[in-house]
Amino acid sequence: METVMGNGNGQATSGGRAANAPHSDLVLPYGDQRNDGVVQVSFTLPVAAGPLAEEAARQTMKLMGLEDPQVAEATAIGEEFTFFVGYGKLTRAVELSKLRVAAPMWEELDQAAVNQLVQDTLGRPMVVVGAATGSDAHTVGLDAILNYKGFAGNRGLEAYSAFKVVNMGSQVPNEELVAKARELGADAILVSQVVTERNVHLANLTNLVELLEAEGLRDQVVLVVGGPRITHALAIELGYDAGFGPSTRPQDVASYLAQEVSRRMLN
Amino acid sequence: METVMGNGNGQATSGGRAANAPHSDLVLPYGDQRNDGVVQVSFTLPVAAGPLAEEAARQTMKLMGLEDPQVAEATAIGEEFTFFVGYGKLTRAVELSKLRVAAPMWEELDQAAVNQLVQDTLGRPMVVVGAATGSDAHTVGLDAILNYKGFAGNRGLEAYSAFKVVNMGSQVPNEELVAKARELGADAILVSQVVTERNVHLANLTNLVELLEAEGLRDQVVLVVGGPRITHALAIELGYDAGFGPSTRPQDVASYLAQEVSRRMLN
Amino acid sequence: MLKLSIDPKIVDKCHELSEDITSRVARELSSLSTVAIERTVARFAGVDGVTPDGVPLPNVVVNHLVEKGKIHDGVAMHLANACLALDKTPQQVAEMIARGETDLSAIEWQGTEAVTEKAREICQGSVDKIRARRAEREALLEELPVTETPWLYVICATGNTYEDAVQGRLAASQGADVIAVIRSTGQSLLDFVPHGITTEGFGGTYATQANFKLMREALDEESRKLGRYVRLVNYCSGLCMPEIAYMGAVERLDMMLNDAMYGILFRDINMERTFVDQNFSRMINAYAGIIINTGEDNYLTTVDAFGAGPSVLASQFMNYHFAKKAGLKDQQIGLGHAFEIDPSIEDSLSYELAMALLVRQLFPDCPIKYMPPTVHKKGDIFTSHVLDSNFNLVSVLTGQSIHLVGMLTEAIHTPLIQDRYLSVRAAAYMRRAAKGLGQNLEFKQDGLIDRRAASILNDTLKLLEEVSEKGLFAAITEGVFAGVKRLRTGGKGREGVFKKGEWYLNPVEEALRAELFS
Amino acid sequence: MLKLSIDPKIVDKCHELSEDITSRVARELSSLSTVAIERTVARFAGVDGVTPDGVPLPNVVVNHLVEKGKIHDGVAMHLANACLALDKTPQQVAEMIARGETDLSAIEWQGTEAVTEKAREICQGSVDKIRARRAEREALLEELPVTETPWLYVICATGNTYEDAVQGRLAASQGADVIAVIRSTGQSLLDFVPHGITTEGFGGTYATQANFKLMREALDEESRKLGRYVRLVNYCSGLCMPEIAYMGAVERLDMMLNDAMYGILFRDINMERTFVDQNFSRMINAYAGIIINTGEDNYLTTVDAFGAGPSVLASQFMNYHFAKKAGLKDQQIGLGHAFEIDPSIEDSLSYELAMALLVRQLFPDCPIKYMPPTVHKKGDIFTSHVLDSNFNLVSVLTGQSIHLVGMLTEAIHTPLIQDRYLSVRAAAYMRRAAKGLGQNLEFKQDGLIDRRAASILNDTLKLLEEVSEKGLFAAITEGVFAGVKRLRTGGKGREGVFKKGEWYLNPVEEALRAELFS
Ligand code: B12
Ligand code: B12
Ligand SMILES: Cc1ncc(COP(=O)(O)O)c(C=O)c1O
Ligand SMILES: Cc1ncc(COP(=O)(O)O)c(C=O)c1O
């Protein structure tokens, strides 16, 4: 497969450069022997407990490509529902060297280097507007990136002289966010989306891009989205410049923003 | 699929008759909506943690037919190993009405009825020899079926006048078991196999059938195997008359034995 | 028996201070009402349904009065006047307004005494109905008693009320005692309550009266099957707090998330609006025999739990006194606390034991609602399940009352059908396994745990002194709670607050007050 | 600090009785040796390797003497005699026997004094080597100290020693302090020890000296990397108990499963064989500084744990006194107990606390080995993980020393790589979370837990009185332990027991006795 996809918010590889692995091996799950392919699964079938349900569970596991499917547990969790735990052996391997991992492109810079780069590039701090948009009220992740205090000992963007941060908080309508960005002449917009049930985030994120485009602002800003179920690939697909997933550190975002803005100035 | 397979040790349906379901529906896993297909998986890949490993995990889930694969957790559990928890949506359904569930054929009889049936059929108690064979030292399951005390409040075969039980205990070589069966003129042989790592039970169970056949005893006895990973289908495949899995009650086995012996007398 | 050595003088002082703080708020706001309260009165008067383009009639009536500059008299007076003048029911009047067939401000005044009497009359039916629903619950609880504590409380959040009903029943059959239907994101900021059965929600299901009814019926059926009354919960919060209180009361919900400050801190709803609405909604809850659940657990999601003990306790003291002022009995005040202690620190279990027991001991007659770990959970569902196991243990050891069962998939999605099964099973196991353990244990005098509790209590007193000095409005402005700062004049829904006029009457409040404080 | 009120007089009485019971067994069997002991002596003398058709040379030598009717003199004397007469090393002699080039019974006697001296001399090298390995361990423990307790102990059982090495290192890096390699099914009934590296086992990996060496090297490497000495465990049980003790001693294993009665009860090995072998093997373990693990946990897999407390304790008392007689220090006697209490009963946690603490308190200087739930586990790995969580808690609360980490997949398969990770993680979390909790708790005097412990102790005394009256052999015959009945004259390996002759000498035993009891 050669399409760009996957998480890859970068911090796990050196500086988050797209990690096209040097490996060429076929990789199978490892249970207690290399290549045994062992996978654990659990699921519920809407079938009353009994031999029929168990057979259905085994077949479900076969549909998942699991050989030697073992139903380790089959429990009635209601008159018409049976919960299963199973183990089986996957025989189809992933070819590592064929994977393309999408990640925002940046080198890890420390605080001083970020400040320097932005100063050299813009000659002033970058204006960054952040918000948890739509009906999303989860601000802890956004605050972790923006606020001085930061995350896991890593200071937030407010701690950098390179950024002028405006944190609009939670449940901000896209319209208000765009208005604020225009008002402040924002260089970057940072959106947080945590609630993803029934894909509520997709509509909301798409709508923001449309608004920005309609207002002719899309090209003026670096547009970033983050959240526990956000991947860079998804962000790109939705028309964002970058996406950041779980365990992102403010420094990752700061490094990316500084380099992205400098890249744009050079182009 | 029409081949005989699956567990189906019977106690969950009425009397364990082969449960060809009346349903005709397509069944998918049920997460929080009917037919959402949600399945939980976990596995380890022999790849260092990072975006590449996460992408490999996502692809692994795709190979399992899971759409919208979500890597909920990716943890380094060693320099070269990453453990994953994921959720995805299976879209291929099992057709219940097409499943064939294999189970030993018997009606559930109470103790008195079992005793009566054996008395009527043989005019004497059935001689039953039981053993945990080969290197298997697990006797709790076998004892649960054979010993007076039984299992979960259900008395063992020793409690029936219909059976004369000889429990040979653990780690009995197949040769000794066959010799004892010949010596006692056994009507049934009950084998327990609990250890199944590297399929050690398969060789052992096959060997017993070969020995019995070589000695011309195979048709003289009802040959039964039980254990937590035994299914009736597997038993049949290995040349046994019946297989009993987890949570078997002595009464299931007693009912089966009485009916099987009476069936044979009638033929 | 696990018991902390607590200085009763400090506790008394905390109560005095919070009684004073909350009384001052109540006094300061006693001249205000809100559009939500007026819509609630309209509902009491029987106004229900929506216009063809989906606007609820209570909103139609109240918006109409706002437009006409008459809202300061309260909706009851104008509705009553119209009923008398037009010889219509309130519902008929509302429909006429919706069709633009009448203008309440232009109807001839039927005389203050007559109108006042009519206003009382049109609301009384609902008051009586609520009393009857309460009696119904009491009878069911006699017939189908719930014997084990803590009650196991689980969440349904499918977005589709029909699925919620299936899953709620299933959860009950698996051992859950209390079923809460979580609301869709965003509902709390709607200034109306959606109408009818709904099947599309995000991270939860819309709270509507029809959905309440459907769930309660499903659970009544299941309760009979199980021989155990299964309680139903929803959210009495946001911009429609009092309307939802009304709906819950008439649909015999049993509990309501209903906090005095949650809307301010976590939804940026205007302070005055929130304090005024919470008081009225709590009176309804009180009268309906509903147990409220306060939301101190939320504080622990934005600040580190280790240091947040005093602000949780201070908030509980204030929630308690706000609640008492609204006529709630101790047995109805489910103060919230949560096991949000960071699992990576040493002795986390001891610290949490100290805090959980402190809350329990300080409010001995309140059914404390103990919430599970959430923030420190990750996608590793196995590790998450273990964290919940310790939460289950602390809950049983410290004798909590309402136990919100933690979900192993907390960091991933709202619960799947099997998540509830596994989690309820684990909680029930602990309830059984550790049943008598707390009674057989004592703390070492002046050990880590005693000292920890004492220090939290001391700091709570200090915090309450500070709040008392500043006043609650100023304290919130300075970010004393959950690290969140709000302005008295800021926040959503502020435009819905108004000063009651000279002729203002809220006959519902009048009736409830008479019943609750007699 | 959690402490049970225990009557010290009852404890003293239990010790007296068990000392007496075990002394009588020792006295009664003092005139016996076994083929396994003689093979061990041959190994001490340097006999190693296998014949072309795979028979280990120690077996060749011993079988030869048995055939020649000379085994009653012990292998040392005949080997020494041959060495002197032929001017060969023991290994060369053994190879000659294997090739049929010599008949030890036909070699001219070199004089008792000379032969005795030579016999001592040929064994001394191994004794010295073991002392050196012990010193090595002590130095490593200084350099790479293990600070936290309980030690987290996990199992590898891939069947392939190379995989075990990978997975053992990985487990250590995840936090495990002790790695046990489980043996393949059936090995304990082999009357020889397989030779060389092995890669095929069922439910475990064959215990061979080469496998021991490979694992110890892998773990030494990992220990240095982690700055924490990782201990290695194997099984010193079955028909080759003393030979494996020798191998473990020279390959610097750190712990050995080594029970005085396990072979009798669970492998139907002959009683006399077992008692004689265990004593000699324990002397080797004692000298090697190895910690033994006894197997009382196994009792709880065949009888209900709730009623089995007294038989577990009685067995521990006897295992303890057998161990002391073999020269083991208290610090080396890892008595076994297990959290096998039925999770479906009420107050299971309190009952288990009582039992676990009782064991802990009765043997204050012994490193108790606490085993996880196994029998009550099913395929539901989530529920299983919760059960382990309570086990982890009890372990930390009661200050256990060696903590066998329970696996969530116990009912399904030997541990996968991630099972160990998850389980070690859960145990380490509890060690941290509940670190000081036990010190901050006390039991209510005369509460459920105190009473439960007292009653188990009383019943233990009664049981020991019964055993003392009957004698241990008769007690086992009557099924007092684990509900298993064995005949003194029955069981496997009986043919390998022999009466020592007039000239019998075991120079290893002599040397060890001198070192251990000086
Ligand atoms: C705390 C919390 C709350 C708090 C939020 C308080 C606050 N002010 O934020 C409260 C209690 C208010 C709350 C309410 C609700 N919550 Co909530 N909540 C959580 C919880 C427990 C933790 C989230 C968190 O703070 N994580 C810590 C931060 C640091 O992690 P993070 O968000 O992933 O952020 C990191 C990265 O993702 C990234 N990142 C995040 N944003 C951004 C933005 C940018 C620009 C960048 C670069 C990076 C970035 O960087 C951060 C640091 O590394 C999670 C469960 C969990 N354990 O994850 C549920 C959870 C997120 N909540 C959930 C739900 C459903 C709700 C409700 C809708 C429930 C309801 N119906 O009432 C409500 C309503 C909220 C609403 N309208 O949005 C669900 C979401 C399910 C889903 N997949 O859609 C979860 C998963 C719980 C569950 N299992 O049901 N919640
Ligand atoms: C108790 C136990 C032991 C005891 C056995 C004591 C004894 N006398 O039986 C001891 C401690 C000795 C033991 C040792 C070992 N065990 Co073990 N043991 C278990 C344990 C914890 C419980 C088994 C049990 O008693 N179940 C209760 C009974 C009632 O259930 P059951 O066996 O399924 O029986 C029921 C049905 O299956 C059926 N049935 C069973 N047999 C028969 C026969 C007939 C004829 C019929 C009709 C029905 C029937 O009816 C029964 C009643 O419903 C399991 C883990 C678990 N929780 O399941 C591991 C387990 C079975 N053991 C295991 C292993 C690997 C071992 C060892 C090999 C480890 C080692 N290397 O040292 C050793 C060696 C044993 C040997 N040589 O075989 C593995 C097997 C893995 C696998 N899939 O192959 C398990 C799963 C543990 C693990 N995760 O590693 N074990
Ligand atoms: C007291 C209280 N009210 C309301 C809510 C939910 O509010 P909303 O519906 O605004 O998300 C919560 C959240 O858990 C709460 O604790
Ligand atoms: C003390 C003791 N020895 C030995 C064993 C293993 O014995 P075997 O190798 O015979 O299965 C066990 C099993 O756990 C044990 O507890």
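Use the structure listed above.
Overview of the structure. Numbering of residues begins from 1 in every chain and follows the order in which that chain's sequence is written. By the order in which they are written, chains take letters starting at A while ligands take numbers starting at 1. The predicted nature of this model means local features are confined to residues of pLDDT at least 70 and side-chain atom pairs, given and counted, to a pLDDT of 80 or more, with totals for whole chains, interfaces and linings taken over all residues. Side-chain calculation: all heavy atoms of the structure are included, whereas hydrogens and water are not.

Its sole protein donor being A:His138 (NE2), the cobalt atom of ligand 1 sits 2.2 Å from that atom. You can see A:His138 is positioned in the loop between β6 (126–132) and α3 (140–146). Here a donor is an N, O or S atom found within 2.8 Å of the metal, or within 3.2 Å if the metal is Na, K or Ca; sites may look incomplete because water is not among the atoms. Helix and strand assignments come from DSSP, with helices taken as H or I runs of at least 4 residues and strands as E runs of at least 2, each series counted from the N terminus.

Note on aromatic contacts: the rings of Phe and Tyr and the six-membered ring of Trp form a pair at centre separations within 6.5 Å, being stacked when their planes are under 30 degrees apart, edge-to-face when over 60 apart, and tilted otherwise. With the rule as written, the count across this model stands at 37 aromatic pairs over all chains. Ring centres of B:Tyr160 and B:Phe163 lie 5.6 Å apart, and the angle between their planes is 65 degrees; this geometry places the pair in the edge-to-face category. Exposure categories follow from relative accessible area, calculated using a 1.4 Å probe and restricted to protein chains: below 20% of the type maximum is buried, above 50% is exposed, and the middle band is partly exposed. Of the residues examined, B:Phe163 reaches a relative accessible area of 6% and is grouped as buried. Within the aromatic cluster, the residues linked to one another by ring pairs are A:Phe83, B:Phe83, C:Phe382, C:Tyr421, D:Phe382 and D:Tyr421.

Our focus in this paragraph is the interface of chain D and chain A. By definition, residues are in contact when any of their heavy atoms lie within 4.5 Å. Across the contact, 20 residues belong to chain D and 14 residues belong to chain A. Carbon and sulfur atoms make up 55% of the area that chain D and chain A hide from each other, which totals about 1,200 Å². In what follows, salt bridge is the name for a side-chain nitrogen of Lys or Arg lying within 4 Å of a carboxyl oxygen of Asp or Glu. Taken together, the connections running from chain D to chain A amount to zero salt bridges. Listing elements by their share of the side of chain D that touches chain A, those giving two or more residues are α7 (161–173), α15 (381–397) and α16 (417–433) of chain D. Residue classes follow a fixed rule: Ala, Val, Leu, Ile, Met, Phe, Trp, Tyr, Cys and Pro count as nonpolar, while Asp, Glu, Lys and Arg count as charged, and any other residue, Gly among them, counts as polar. For the side of chain D that touches chain A, the class distribution of residues is eight nonpolar, eight polar and four charged. In short, buried area is how much 1.4 Å probe accessible area vanishes from two parts on joining, totalled over both.

Next up on the list: the site of ligand 2. Residues in close proximity to ligand 2 total 45 residues, the closest being B:His138, B:Thr196, D:Ile182, D:Arg183 and D:Glu410. Two or more chains meet at ligand 2, and those chains are chains B and D. For this analysis, a polar contact is any N or O atom pair within 3.5 Å, provided that within protein one partner can donate a hydrogen and the other can accept it, and provided that sequence-adjacent residues contribute only side-chain to side-chain pairs. Taking B:Gly227, its main chain carries an N or O atom lying 3.5 Å from an oxygen atom of ligand 2. Note that a nitrogen atom of ligand 2 is positioned 2.5 Å from one of the backbone N or O atoms of D:Glu410. For the shell around ligand 2, the secondary-structure elements that each account for two or more residues are α3 (140–146) and β8 (188–192) of chain B together with α12 (299–302) of chain D. Of the residues forming the shell around ligand 2, the biggest block, four residues, is contributed by α3(B). Of the residues that constitute the shell around ligand 2, the class distribution is 17 nonpolar, 21 polar and seven charged. We call a residue near a molecule or strand whenever a single non-hydrogen atom of that residue lies within 4 Å of it.

This part takes up the site of ligand 1. Neighbouring residues of ligand 1: 44 residues in total, closest A:His138, A:Thr196, C:Ile182, C:Arg183 and C:Glu410. More than one chain lines the surroundings of ligand 1; the residues nearby belong to chains A and C. A:His138 places a side-chain nitrogen or oxygen 2.8 Å from a nitrogen atom of ligand 1. Between ligand 1 and C:Lys377 there is a distance of 3.4 Å, counted from a nitrogen atom to a backbone nitrogen or oxygen. Elements supplying a minimum of two residues to the shell around ligand 1: α3 and β8 (188–192) of chain A together with α12 (299–302) of chain C. Broken down by element, the residue count for the shell around ligand 1 peaks at four residues, all from α3(A). Residue composition of the shell around ligand 1, by class: 16 nonpolar, 21 polar and seven charged.

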